[in-house]
Amino acid sequence: MSLTVDIEKQLGKFRLQVSFTAPLGEVTGLLGASGSGKTVTLRCIAGLLIPDAGHIELDGRVLFDHRQGVNLPPQQRKVGYLFQQYALFPHYTVEQNIAVAAQDRGAVEELLHRFQLQEHRHKRPRQLSGGQQQRVALARILAAQPQVLLLDEPFSALDTHLRGEIQGELSRFLEQFSGPCLMVTHSRDEVRRICHKVCVVHHGASQPMQTTEAFFNHPRTLSACRLMGCPNISPVEHGGNGGAYATFWGLPVQVPQNAAYVAIQPHHIRLVDGPGDHRLFCSCTQVDQGPFSVSVSLACGDGALQIEVSNWDWQAVDHAQGVWIELPPSKLLPLTDE
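What counts, and at which threshold
Residues numbered from 1 in each chain as written. Predicted model: local features only at pLDDT ≥ 70, side-chain atom pairs only at ≥ 80, totals over all residues. Heavy atoms only, no water. Helix = DSSP H or I, 4+ residues; strand = E, 2+ residues; numbered from the N terminus. Buried < 20%, exposed > 50% of the residue type's maximum accessible area, 1.4 Å probe, protein only. Contact = heavy atoms within 4.5 Å. Areas by Shrake-Rupley, 256 points an atom, 1.4 Å probe, with all protein chains shown as cover. Lys, Arg positive; Asp, Glu negative; His and termini not counted. Charge placed at Lys NZ, Arg CZ, Asp CG, Glu CD. Disulfide = S-S within 2.5 Å. Pairing = 2+ DSSP bridges. Axes fitted to C-alpha atoms, helices over the stretch in contact; angles between N-to-C directions.

Chemist: Looking at this model, I keep getting lost on the overall build of the protein chain. Mind explaining?
Modeler: Each helix and strand in the protein chain was counted, giving nine helices and 22 strands. Taking the principal axes of the C-alpha coordinates as reference, the protein chain spans close to 75 × 50 × 30 Å. The proportion of buried residues among the 338 residues of the protein chain is 47%. Taking the contacts inside the protein chain whose residues are at least 6 apart along the sequence as the reference set, 63% of them involve residues at least 24 apart. Accessible surface, the protein chain: about 16700 Å² in total, of which carbon and sulfur atoms supply 48%. Taken as two groups, the 28 positive and 32 negative side-chain charges of the protein chain have centres that lie 9 Å from each other.

Chemist: Just to check I follow, could you spell out the state of the cysteines for this structure?
Modeler: Tallying each qualifying case throughout the model produces zero disulfides. This cysteine, Cys282, is not joined by any disulfide, and Cys300 carries the nearest cysteine sulfur, 3.8 Å off. Judged by relative accessible area, which is 0%, Cys282 ranks as buried. Unpaired in terms of disulfides, Cys284 finds its nearest cysteine sulfur in Cys282, a separation of 8.2 Å.

Chemist: Got a minute to help me understand unusual backbone geometry in this structure?
Modeler: Most peptide bonds take the trans configuration, and most residues that are not glycine carry a negative phi. Positive phi values are uncommon outside glycine, yet Gln116 reaches one of about 55°. According to the relative accessible area criterion, Gln116 is exposed, its value standing at 59%. Although it is not a glycine, His278 adopts a positive phi angle of roughly 65°.

Chemist: Please clarify how the sheet that holds strand β22 (residues 333-335) should be interpreted in this entry.
Modeler: Sheet strands pair by backbone hydrogen bonding; their relative direction is either parallel or antiparallel. Taken in spatial order, the five strands line up as β15-β14-β13-β16-β22 in an open sheet, and their pairing is antiparallel. Unpaired on one side and paired on the other, β15 (251-253) and β22 mark the two borders of the sheet. When strand polarity is set aside, the average angle formed by the axes of neighbouring strands in this sheet is 35°.

Chemist: For this particular structure, what's the right way to read helix α1 (residues 38-46)?
Modeler: Taking burial as the measure, the nine residues of α1 include seven buried ones, the bulk of the element. Three or more residues of α1 are buried, namely Lys38, Val40, Thr41, Leu42, Cys44, Ile45 and Ala46. Downstream of α1 by a residue or two, Gly47 has a phi angle that is positive, lying close to 90°.

Chemist: Can you walk me through the sheet that holds strand β21 (residues 323-326) in this structure?
Modeler: The five strands are arranged β17-β21-β18-β19-β20 in an open sheet whose pairing can be described as antiparallel. Two strands close off the open sheet at either side, each with one partner strand: β17 (270-272) and β20 (303-310). Each adjacent strand pair in this sheet contributes to an overall mean axis angle of 50°, direction not counted. Across six bridges, strand β18 (residues 279-289) lies against strand β19 (residues 293-300) in antiparallel orientation. In the sheet register, Cys284 faces β19, and the bridge partner there is Leu298.

As structure tokens, then:
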């Protein structure tokens, strides 16, 4: 079972163009900045918005096809949608909220037990913690026996101290769900902890899907690299002889012809003892000492770099006047514009 999405939607001046396939039994993260089109995508899949063109298919069943005139109503799509604020009925008890979507009494009892909500069955949403409300919302979704789950920033309504605990609970629950799952987020920490694959959505356009590991180690585009959290990015100028130059750092680099930018992670930059290939002399502008490592902001060329080194390596060099660093070519990340 998989979810295939290939749609377009015009909303005022905003245009959505997304295309991806979310595989069965995995969590696919839709990652992007606010306003990039992530929630619009979920609403189109759920049938709450009608795309202008394209096709949506779930396990061989067509949910939407513009050319064929197919547009199943939300209640026929077998889609479970977890809204940001959970959308529980405030005047219903926990038990009643779940029963709304359940086929029979036995299903309600099973879900109360599965989500450890038996002792809360007669409480109303305002009497529950954020984590308990989320469990009720998930139980209600499962009561309808969905074939796909759509999670719209499931942790945005939680206090910071609750997020780690609830992320763990949700992750364990999702391991038991056999269908595809899409999770909208703009948090790379949530992606790293929960998602198997990542699809970046930037200004309404989806980018080719990557595994979570590949996304963090080898982002392909400038927007993906920024979302991944890499602070060291420079534009690239290509010369007529096939060479390339990182303009912010004042350094020749070896990157493909289609690379518009180049990046490197702070922990991949090395402290060295003098000049040489792939090396720069930089002045230190800020030093943040941690218990095991040091984060250092450097000024070099027309730009800046951040490095992260062990306390031992930092103490071993004389950095009063500046430091020599090396950017290993094997650690450079070539990036296309989008």
